[in-house]
Amino acid sequence: MTRQAPTLSSIYENDSKFGWLDTVSEQAQHNVHRLFRASAVGMKIKSVLNGTPFRHRMHPAIIIVPLGAWTTAVVFDALEGMSSGEDRLSYRKGADASVALGLVGALPATVTGLADWVDLYDHRRRVGMAHALLNSAAWLCFSGSLALRVTNGDRRGAARALSGIGYGLVMMGGALGGELVYTLGVNVPHTTYPKPPNEFTDVLASDELVEGAPVIIEVERVPVLLVRHGETIHAVDAWCPHAGGPLGDGTFDGDVVECPWHQSRFCLKDGKPLQGPAATPLRTFDVREEAGRISVSPSYEGQSWPPPPDPPASGPKTIQA
Ligand code: FES
């Protein structure tokens, strides 16, 4: 038997120790979903929080503020302890201001993170909740530290210690956030692999694609969704870039498709994401219709894409040492 090497987040697979995270998550997810999905405005706000209009995730951009501020606070706290006179006072003020800035910056970081987390399920949702709880505990530590700093100058040591604990917690939370993306593939575009050939490929007879009946074909392991709309044929990746949802099962409205999994909406004309959680455009294809045949070719600048992985071997192989 081949065992799986553990990762940072695999400890959260232990149901007896961490099953309670699912209970907390289910209720929180239900409430947040209700809040966003109650109206079109709610979905628009969620899209902005996801980063859909910018085609870039908001959460990783915003967390720089609390992380940077709290790192500065910890450094200034250390420098305060090593200096005297005017310098000591300056470091003290700098540290206090940095703790406060981090507390304020953590609020938009929390809201954007919540908008991304609410579309996760199973193990990823559980790890996301652990990430959120660690960061919340860090926020409380820094809040306590700031309270001591502004109300009781004699408890400077305790204030610094609380900041240190908060910083440790935020590092642990950050490590889980990295794990979510780099190991568990949260919000990584699901269309990077495999890569279709950079040339036109004949895929379908023209009369097999009629208006109102999208068709999915495959171009070297890449499923492509073909939609006839008036004089135009749209061809886009059939996988939703958010988490691989089957766009062929989605809802079509003119030149827009809505993913059936988390309701991301994309313009079929250029792949642009119109509603989150997806923030990455759909890969689009140029289409030729000639002599009763349809052919497609990827329309992106594909030269810098990594090569696709080889297909799995179809049977057992012996490798000579
Ligand atoms: S897979 Fe999440 S919106 Fe499509």
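### Details of the overall build of the chain
Inference 1: Secondary structure summary: the chain contains seven helices and 10 strands in total.
Inference 2: Here the C-alpha atoms of the chain give a radius of gyration of 25 Å, more than 25% beyond the 20 Å that 2.2 N^0.38 yields for 321 residues.
Inference 3: Based on the C-alpha atoms only, the size of the chain along its principal axes is roughly 85 × 60 × 40 Å.
Inference 4: Evaluated residue by residue, the chain yields a buried proportion of 37% over its 321 residues.
Inference 5: Across the chain, every contact between residues at least 6 apart in sequence was considered, and the portion connecting residues at least 24 apart equals 59%.

### So, helix α1 (residues 15-37)
Inference 1: Every buried residue belonging to α1 is among Ser25, Gln29 and Phe36, and all of these are buried.
Inference 2: In the core, the buried residues of α1 are packed alongside α2 (40-50) and α6 (122-151).

### Some points on the environment of Gly51
Inference 1: By the element assignment, Gly51 lies in the loop between α2 and α3 (59-62).
Inference 2: Residues Gly51 and Trp20 lie 31 residues apart in sequence; the distance between their C-alpha atoms is 30 Å.
Inference 3: In this view, Gly51 contacts His56, Arg57, Met58 and Ala279; residues no more than four positions away in its chain are not counted.

### Here we look at the domain arrangement of the chain
By a widespread convention, an interface's size corresponds to the accessible area lost as its parts come together.
Inference 1: For the chain, the domain assignment lists domain 1 (10-182) and domain 2 (201-300).
Inference 2: Each of domain 1 and domain 2 has a C-alpha centre, and these two points are 38 Å apart.
Inference 3: At the junction of the two partners, domain 1 supplies 11 residues and domain 2 supplies nine residues.
Inference 4: With four residues, the single largest contributor to the side of domain 1 that touches domain 2 is α2.
Inference 5: Per-class residue counts for the side of domain 1 that touches domain 2 are one nonpolar, five polar and five charged.

### Some details on the sheet that holds strand β3 (residues 222-229)
Inference 1: Spatially, β2-β3-β4 is the arrangement adopted by the three strands of the open sheet, whose pairing is antiparallel. At either end of the open sheet lies a strand with only one pairing partner, and these are β2 (215-219) and β4 (232-237). The sheet shows a mean angle of 30 degrees between the axes of neighbouring strands, taken without regard to direction.
Inference 2: Here β3 pairs with β4 via six bridges, running antiparallel. By the bridge assignment for β4, Val224 is matched with Asp237.

### Observations regarding the sheet that holds strand β6 (residues 256-258)
Inference 1: What the four strands build is an open sheet, ordered β5-β6-β7-β8; its pairing is antiparallel. Edge positions in the sheet fall to β5 (251-253) and β8 (273-275), since each has one partner strand and no second. Each strand axis lies, on average, 25 degrees off the axis of its neighbour in the sheet, ignoring direction.
Inference 2: Note that β6 and strand β7 (residues 265-267) share three bridges and pair antiparallel. What sits directly across from Val257, in β7, is Phe266.

### Looking at unusual backbone geometry
Inference 1: Looking along the chain, the bond that leaves Gly276 and enters Pro277 is cis, with omega of 15 degrees.
Inference 2: Tracing the chain through its elements places Pro277 in the loop between β8 and β9 (285-290).
Inference 3: At Asn187, a position not held by glycine, the phi torsion is positive, near 60 degrees.
Inference 4: With respect to the element layout, Asn187 can be found in the loop between α7 (156-182) and β1 (201-205).
Inference 5: Although it is not a glycine, Arg221 adopts a positive phi angle of roughly 75 degrees.
Inference 6: One can find Arg221 in the loop between β2 and β3.

### Topic: the environment of Ala78
Inference 1: Checked against the element boundaries, Ala78 lands in helix α4 (residues 64-82).
Inference 2: A C-alpha to C-alpha distance of 23 Å links Ala78 and Ala175, two positions 97 residues apart in sequence.

Procedures and definitions
Residues numbered from 1 in each chain as written. Predicted model: local features only at pLDDT ≥ 70, side-chain atom pairs only at ≥ 80, totals over all residues. Helix = DSSP H or I, 4+ residues; strand = E, 2+ residues; numbered from the N terminus. Rg over C-alpha atoms; globule rule 2.2 N^0.38 Å. Buried ≥ 20, exposed ≤ 12 C-beta atoms within 10 Å, placed from the backbone. Contact = placed C-beta atoms within 7 Å. Domains from an automatic or database assignment. Nonpolar A, V, L, I, M, F, W, Y, C, P; charged D, E, K, R; others polar. Pairing = 2+ DSSP bridges. Axes fitted to C-alpha atoms, helices over the stretch in contact; angles between N-to-C directions.

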